[in-house]
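Okay, here's what each chain looks like letter by letter:
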Amino acid sequence: MTINRKYNTRFRLIAFLFLVSYSYISSAQKSDSTISGINNFTGAVTIQSKGISTIPNLTLGKPAAVFDLKMGRKLTFEPQFRFSLEGKPWAMVFWWRYYGSVSDKLKVTLHANHSLSFKSINSFTATGTSQEIIRTTRYLAAAIAPDYQINKYLGAGMYLFYTRGIEKFITRNTWMVSFRSRISNIPVTKNIVARFGPEIYYLKMDDKDGIYLNTTFLISKKNFPISISALINKPLKSNILSDYDFLWNAGLIYSFKL
């Protein structure tokens, strides 16, 4: 697929589905909103030094901006829009999530999404001249994420993920099993706290597989909308082709709530 009239029509359809989804969530949770106030609408804008994905072939590898939105409470619609700082689209992910609770400490989140990934490639016209086009590939995904809060500071969980590539020329089946832990509310100063989240995961992409180490770090100030994040990703053992053997990323996050 390339960006053309059909591509513009797709963006209009995405915008329409976005509005319909929000209307659906607002209606479905209307009774709950009479108790807790208006429906939650939160978001964040992140400027990254290098766009990173846990799926190696979806990594951008250059400065990027990521826009996250969240609408709803237990059942949420959470679209994410990723762009390079040059203004080119990187990916669009349309998440539906259900936040379930088994007990006060054990939570289970169900995830499903439809996503679009964009890649700039060179193509030749009938006259032999080269031009850059943006190719779109599509994916469907589902995941389940149990999480256990051990105490105020320590938590652990798993993330089981599957995605299906729709186009025949891309990776068709991707599986991921992740073991996560996190240390939260680490005091830095009186009003500044940090969060540290190491993760090890197994990734299988068709007939290739690998084991990876991923670690996130976040520093935030209480009642302040701006926070600082960092991330590293390192393959421990992998035969999955990638342009990067070691990835790191720093980000500036602006969070808001309506």
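Residues numbered from 1 in each chain as written. Predicted model: local features only at pLDDT ≥ 70, side-chain atom pairs only at ≥ 80, totals over all residues. Heavy atoms only, no water.

This part covers the confidence of the model for the chain. Considering every residue of the chain, the mean pLDDT works out to 86; 84% of them sit at 70 or more. Within the model, the stretch residues 1-8 combines pLDDT values under 50 with 13 contacts to residues more than four positions away or in other chains. Within the model, pLDDT remains below 50 along residues 28-38, and this stretch shows 13 contacts once partners closer than five positions in the same chain are excluded. (pLDDT = per-residue confidence, 0-100. Contact = heavy atoms within 4.5 Å.)

Right, let's talk about the packing of aromatic side chains for a bit. Overall, the coordinates contain seven aromatic pairs when judged by the stated rule. Ring geometry for Phe67 and Phe83: centres 6.3 Å apart, planes at 75 degrees, overall edge-to-face. Placement of Phe67 in strand 2 (residues 64-72) and of Phe83 in strand 3 (residues 75-84) is noted, with a sequence separation of 16 residues between them. Residue Phe83 is classed as partly exposed on the basis of its relative accessible area of 24%. Here the basic side chain of Arg82 rests over the ring of Trp90, its NZ or CZ set 5.2 Å away from the ring centre. When the ring centre of Trp95 is taken as reference, the NZ or CZ atom of Arg97 above it lies at 4.4 Å. (Phe/Tyr/Trp six-rings, centres within 6.5 Å; stacked < 30°, edge-to-face > 60°. Helix = DSSP H or I, 4+ residues; strand = E, 2+ residues; numbered from the N terminus. Buried < 20%, exposed > 50% of the residue type's maximum accessible area, 1.4 Å probe, protein only. Lys NZ or Arg CZ within 6 Å of the ring centre and 35° of its normal.)

Another aspect to go through is the side chain of Glu167. Relative to the elements of secondary structure, Glu167 occurs in the loop between strand 7 (154-165) and strand 8 (173-187). Side chain to side chain, Glu167 and Arg138 meet in a polar contact 2.6 Å long. (Polar contact = N/O pair within 3.5 Å; in protein donor to acceptor, adjacent residues only side chain to side chain.)

A grouping of Tyr98, Leu110, Ile144, Leu160, Val177, Phe179, Ile200, Tyr202, Ile211, Leu213 and Leu236 is seen on the molecular surface, where their side chains present a nonpolar patch of about 870 Å² in accessible area. Taken together, the elements giving at least two residues each to the nonpolar patch come down to strand 8, strand 9 (192-205) and strand 10 (208-221). Along the chain, Tyr98 falls in strand 4 (residues 89-101). (Patch = residues over 30% accessible without salt bridge, like charges linked within 9 Å, V, L, I, M, F, W, Y side chains within 5 Å. Areas by Shrake-Rupley, 256 points an atom, 1.4 Å probe, with all protein chains shown as cover. Salt bridge = Lys/Arg side-chain N within 4 Å of Asp/Glu carboxyl O.)

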